[in-house]
Amino acid sequence: MDEPSTYDQSSRHLLILYASETGNSYDAAERIAKEAHRRHFSSTVTSMDAYDASLLIDEPTVIFVLSTTGSGEEPRPMKDIWRTHLLRSDLPNDLFDEMLFTVFGLGDSAYERFCWASKKLVRRLLSLGAKLFVEACHADEQERFGYETALMPWMEKLFESLLEMMPLPDGLEILPASQIPAPRAGLAFVKDENPRPLLPVEPVTKYHEATLLINKRITTDGWYQDVRHLRFHFEDPVTWNPGDIAVLHPHTHPDDVQALLERFGWIGRADVPIRLSRTSTTGHAIPSHVLDHPTTLREIFTSVLDISCVPRKAFFEWLVHFTSDSLEKEKFEEFTSISEEGQDDLYQYTHRVRRTILEVLQDFRHVSIPLEYIFDVFPLIRARQFSIASSSRYPMVPLHPTTNSSSSQQDKDETDPVQNGQLSDGKKEKEGVYLDLCVAIVTYRTKLKAPRRGLCTTWLSNLNPPLLDLSSPFPTNQETNGDTNEKQSPETNNPLRIRVGIRRGALRLPPRPKPPQSSLKGDVIAGVQIETSNEKENNACTPVICIGPGTGVAPMRAIIQERITRDETDNTLYFGCRSSSQDYHYAREWEAHAQAGDLTFSVAFSRDQPEGERKVYVQDLIERDSARIWELVGKRNAWVYISGASNKMPAAVKAAIRQAAITEGGLSESEADTYVGKMEWEGRLFEECWS
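Just so it is clear, the model here is predicted, and its values are computed rather than measured. (Residues numbered from 1 in each chain as written. Predicted model: local features only at pLDDT ≥ 70, side-chain atom pairs only at ≥ 80, totals over all residues. Heavy atoms only, no water.)

Points about the overall build of the protein chain
Where we set the bar: Counting from the N terminus, the helices are DSSP H or I runs at least four residues long and the strands are E runs at least two residues long. The contact criterion used is simple: two residues touch if any of their non-hydrogen atoms lie within 4.5 Å. Note on areas: Shrake-Rupley with a 1.4 Å probe; residue coverage comes only from the protein chains shown.
When you go through the protein chain residue by residue, the secondary structure sums to 21 helices and 23 strands. Contacts spanning at least 24 positions in sequence make up 77% of the contacts within the protein chain whose residues lie at least 6 apart. For the protein chain, the computed accessible surface area is about 30,700 Å², with 48% contributed by carbon and sulfur atoms.

Written out as C-alpha cells, the structure is:
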C-alpha cells in the first residue's frame with residue numbers, strides 16, 4: 001500500500017461514491033458520512049450513476065462503497081462509469097496519481113466471484129495511478145451480522161488513517177456519538193402556496209407518461225406466487241432496446257401513511273403546504289424535486305420517505321436521540337452497539353421477521369421525531385427497476401398466461417378487449433408504443449401476524465386500470481385485494497396514467513450481419529478452430545441462446561421479439577418454472593413463435609417429475625443438449641444470455657456450457673474455463689441476475 005506522504009492537509013473534504021442495488025451500499029455510505037461529520041470532515045455522498053465521471057480526476061480523496069451482483073457483476077449504478085470511463089484502453093497509467101482512495105465492498109462468499117466488482121475497482125484504480133490510503137474491505141453477507149460485521153472495524157481504520165493525514169484543526173475535538181447532529185432539512189409551512197405532486201427523477205433515466213392497460217395475474221389463482229403481466233401504452237414514439245430498464249417510483253399505501261401521521265400527531269398539518277430547504281451539507285443531498293416545489297407531509301411520506309422497509313442500524317442510532325423513555329433508549333443503544341448480543345437482538349427483532357419502520361414506531365410509543373429531522377431518520381423510497389419484457393418495435397400481442405388454465409380463465413383471455421386490438425374504453429388500438437413488464441408480487445409470512453409485502457409490488461398489484469382515480473395511486477372506490485382487475489367502477493372510467501422511466505441497460509444484441517468479406521482465422525484451442533468476431537459477423541444470423549427461468553424470462557421475451565422484427569430467427573430459449581399448469585409464463589407465445597420457425601425452446605418443469613425422481617432445471621436441459629449447444633456456441637459463435645435469481649442457476653448454466661466445450665468440443669477443463677471466460681469478456685455471454 002502506498003504511503004500518502006504529500007497529501008494536501010488544507011482539504012478535509014471526502015467524496016463518497018456508492019453503487020447500490022438493495023440499499024445496503026447507500027446505508028454504509030451514509031454511515032461513513034455521519035462518522036466523518038463527527039471528525040469535522042465535510043463529505044458528499046453520491047450514487048455513481050448521478051456523478052459526472054469527468055470530475056473524478058480532480059478529486060483528492062474518494063471512498064467507494066459498492067456491492068457485487070449475480071456472479072461477479074458490478075451493480076447497475078456502477079455500470080456506466082465502469083464500462084464507459086474507467087475501462088477505456090487509452091487512459092494513461094498516471095491519470096489518478098493525485099487521488100487517494102479506498103473501497104468498501106459488499107458481497108456474498110456463497111458465490112464464486114465474491115466481491116468481484118470491488119476487487120476489480122481496486123485493481124483498476126491502482127493501475128491508473130491512484131493510491132490506496134487504507135486497505136480495502138470486502139464485507140461478507142455470510143457473516144453472522146452481514147456487512148455490519150466488517151463495517152465498524154473498517155471505519156475505525158479508515159478514520160485513523162484520515163486523521164493521520166489530516167489532523168483535527170486546532171481547538172476541535174471528535175464530537176461525541178451522543179451529540180445529535182444538525183438536521184439536514186429546514187421545513188416551513190406556507191399556507192398561501194399550492195402543493196404540487198412530487199415527480200422523482202433518477203439519473204440517466206428518461207421519463208414518459210404512460211397509460212396502464214393491463215395488470216393481469218399470469219399464474220393460476222391458487223398458485224403460491226402471484227406473477228403479474230403489466231402493459232403500458234405510450235402515445236409518443238418511445239423506443240428502447242432489449243435489456244433496457246423500466247424505472248417505477250412506488251407509493252406507500254395511504255392507510256400506512258395515515259397510520260404514521262396519526263402516530264406522531266401530524267394529521268392536522270398533514271395537508272398544509274410546506275417548503276423544504278437544505279440546512280446541512282453532510283451526507284446525501286435531499287432530492288432536488290422535493291426542494292423545487294411546495295408539497296405536504298402526506299405527499300412526502302407517500303412518495304419520498306420510506307416507512308415500509310426493514311429499518312437498518314442507522315435508524316435506531318437516530319431514535320436514541322428522540323425517545324423520552326429510559327428503557328426504550330437503553331434498547332436502542334443495545335441495538336446499535338457492536339456487541340454480539342446487541343447485534344443478535346437487532347437481527348431477531350427486525351431482519352428475521354422483516355418488521356417495518358412503521359411497525360417499530362408503533363412498538364416504541366415514546367419516540368417523538370421532530371419534523372426537521374424526518375429526512376435524517378427515514379430512508380428515501382428507492383426507485384424500482386424492472387427488465388422490460390417486450391420490444392418497442394414488435395406489434396402488440398395477445399396475452400396468454402399459461403397453457404392449461406381453467407376454461408373460465410381461457411374465456412377471459414379470448415374476450416379481453418385489450419387483447420383483441422381494443423382498449424379498456426372500447427376504442428380500437430391507439431397509435432403509439434406498448435411496453436410490457438413481468439413482475440413477481442412480493443408477499444410472504446414470518447412470525448408476525450400481518451403478511452409481509454413488498455412496497456413496490458403492493459403498489460403495482462393494486463393498480464387496477466378500470467378502478468383507479470387518476471389523483472390516487474391506489475383504488476379508492478371499493479375494496480380490492482389486488483388479485484384481479486375484473487371489478488368495474490361506476491365512477492371512474494378514465495385511463496390510469498403512470499410515469500415510467502426508461503434507462504439504458506448493459507445487454508447488447510449481436511451486430512447485424514455484414515456483407516461477406518475475407519475472414520481472419522480464429523483462435524485454435526486444443527486443435528479446435530474457434531471462430532473470431534470477424535467470422536461471426538459474416539454469418540447470415542448470429543444465433544442467440546436465452547436462459548430465463550421464472551420472471552427472468554422478461555428480458556428474454558424482449559430479445560426474441562426484437563430479433564423476430566429483424567428477421568433473425570436462430571433463437572433458442574430455455575425457460576424454467578415449477579409447473580406446466582401453474583406458472584408457465586407466455587407458454588402459447590413460445591409455441592406460436594416455434595410454429596412460425598422463429599424459436600426453438602425447451603422448458604424445465606422442476607416440480608412435475610414423478611415422486612422420488614430428480615428435479616429438472618434449465619442447466620439440466622443445457623447439459624442434455626450439449627451437442628447442439630456446442631454447435632451454436634463453439635462453431636457458430638452464438639451469444640448467450642442468462643437472467644433470473646442469482647442463486648445457483650447462473651453458475652450451473654455456465655458449468656453446463658463448459659461441459660459442452662469439453663465433451664463436444666474436445667477442450668480440457670482449463671481450456672473450457674478460458675473459453676467461457678473469453679465469452680464473458682467479449683460480451684457473448686451476458687448475465688442479468690438479482691438477489
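Points about the packing of helix α1 (residues 24-38) against helix α4 (residues 148-165)
As a reminder of what qualifies: Every axis in this analysis is a line fitted to C-alpha atoms, fitted for helices over the stretch in contact. Angles between the N-to-C directions lie between 0 and 180 degrees. When the near helix sits turned anticlockwise from the far one by under a right angle, the crossing is termed left-handed; a clockwise turn instead gives a right-handed crossing. Gly is put with the polar residues, along with every residue not named as nonpolar or charged; the nonpolar set is Ala, Val, Leu, Ile, Met, Phe, Trp, Tyr, Cys and Pro, and the charged set is Asp, Glu, Lys and Arg.
Viewed as axis vectors pointing N to C, α1 and α4 meet at an angle of 35 degrees, and their least axial separation amounts to 11 Å. Regarding α1 and α4, the two cross each other, and that crossing is right-handed. Together, Asp27, Ala28, Arg31, Ile32, Glu35 and Ala36 of α1 and Glu148, Leu151, Met152, Trp154, Met155, Leu158 and Phe159 of α4 make up the contact between the two elements. Considered class by class, the residues forming the contact of α1 with α4 number nine nonpolar, no polar and four charged.

Examining the sheet that holds strand β16 (residues 496-503)
Applied cut-off: In short, DSSP must find at least two bridges between two strands for them to pair.
Strand order in the open sheet formed by six strands is β12-β10-β16-β8-β9-β13, with antiparallel pairing between adjacent strands. With one partner strand each, in any of the chains shown, β12 (384-387) and β13 (433-440) form the two edges of the open sheet. Ignoring which end each strand starts from, the neighbouring axes of this sheet average 40 degrees apart. Pairing of strand β10 (residues 245-248) with β12, which is carried by four bridges, proceeds in the antiparallel orientation. Bridged to Leu248 within β12 is Arg384.

A closer look at the sheet that holds strand β21 (residues 600-605)
If you trace the five strands from one edge of the open sheet to the other, you get β21-β20-β19-β22-β23, paired in parallel fashion. At either margin of the open sheet sits one strand with a lone partner, and together these are β21 and β23 (685-690). Between one strand and the next, the sheet's axes are offset by a mean angle of 10 degrees, whatever the strand orientation. Relative to β23, strand β22 (residues 639-645) is paired through six bridges, and the arrangement is parallel. Each bridged residue has a counterpart across the sheet, and for Gly644 the counterpart in β23 is Cys689. Strands β19 (544-547), β22 and β23 of the sheet are contacted by helix α20 (residues 649-663), whose axis makes an angle of about 155 degrees with β22.

Description of the confidence of the model for the protein chain
Here is the rule we go by: pLDDT is a residue-level measure of predictor confidence that goes from 0 to 100.
Overall, the prediction assigns the protein chain a mean pLDDT of 85, with 85% of residues at 70 or greater. Here helix α13 (residues 407-415) stands out as the least confident element of the protein chain, with mean pLDDT 38; β19 is the most confident, with 98. Considering only residues more than four positions removed or in separate chains, one finds that residues 518-522, a stretch of pLDDT under 50, has 12 contacts.

A look at the nonpolar core
Basically, it comes down to this: As used in this record, nonpolar core signifies buried Ala, Val, Leu, Ile, Met, Phe, Trp, Tyr and Cys residues forming a set joined through side-chain atoms within 4.5 Å. For every residue, the accessible area (1.4 Å probe, protein chains only) is compared with the maximum for its type, and the residue is labelled buried under 20%, exposed over 50%, or partly exposed between those bounds.
Judged by nonpolar contacts, the single largest core of 41 residues is most densely connected at Phe301, Leu319, Leu361, Ile369, Ile374, Phe375 and Phe378. Going through the elements one at a time, α5 (254-263), β11 (274-278), α7 (297-303), α8 (313-319), α9 (326-335), α10 (340-351), α11 (357-363) and α12 (374-377) are the ones with two or more residues in this core. Grouped together as the second largest cluster of nonpolar side chains are 29 residues, Tyr18, Ala28, Val134 and Tyr147 included.

Notes on the pairing of β10
Here β10 shows two buried faces, one formed by Ile245 and Val247 and the other by Ala246 and Leu248. Pairing geometry for β10 and β16, over three bridges, is antiparallel. Bridge assignment links Val247 to a residue of β16, and that residue is Gly501.

So, the side chain of Asp376
Along the chain, Asp376 falls in helix α12. Accessibility expressed as a relative area gives 11% for Asp376, which makes it buried. For Asp376, the residues in contact, after removing those within four places along its chain, are Ala182, Pro183, Arg184 and Trp318.

Section: the packing of aromatic side chains
For any pair of aromatic rings, the description consists of the separation of the ring centres together with the inter-plane angle of the planes. We count it as follows: The aromatic pairing rule takes the rings of Phe, Tyr and Trp, using the six-membered ring of Trp, and pairs them if the centres are within 6.5 Å, calling planes under 30 degrees apart stacked, those over 60 edge-to-face and the rest tilted. Two conditions define a charge sitting above a ring: the NZ of Lys or the CZ of Arg must be within 6 Å of the ring centre, and it must be within 35 degrees of the ring normal.
Under the definition given, this model contains 22 aromatic pairs. On the numbers, 6.4 Å between centres and 40 degrees between planes, the contact of Phe41 with Phe159 is tilted. Here the residue Phe41 occupies a position in the loop between α1 and β2 (42-47), and Phe159 occupies one in helix α4, the gap between them amounting to 118 residues. Just as Phe41 is buried, Phe159 falls in that class too. Grouped by ring-pair contacts, the aromatic residues Phe264, Trp266, Phe301, Phe315, Phe316, Phe332, Phe335, Tyr349, Phe364 and Phe378 constitute a single cluster. Residue placement shows Arg499 over the ring face of Tyr207; its charged tip is 4.2 Å from the ring centre. Above the plane of the ring of Tyr586 lies Arg557, whose end atom (NZ or CZ) is 4.4 Å from the centre.

Re a negative patch on the surface
Here is the rule we go by: Surface patches are defined over residues having more than 30% relative accessible area and no salt bridge, joining like charges when they lie within 9 Å and nonpolar side chains (Val, Leu, Ile, Met, Phe, Trp, Tyr) when within 5 Å. A carboxyl oxygen of Asp or Glu within 4 Å of a side-chain nitrogen of Lys or Arg is what we treat as a salt bridge. His is not counted, nor are the chain ends; Lys and Arg add positive charge and Asp and Glu add negative charge. A single reference atom marks each charge: NZ on Lys, CZ on Arg, CG on Asp, CD on Glu.
A cluster of acidic residues, Asp58, Asp94, Asp97 and Glu98, forms a negative patch on the protein surface. Along the chain, Glu98 falls in the loop between α2 (76-86) and β4 (100-107).

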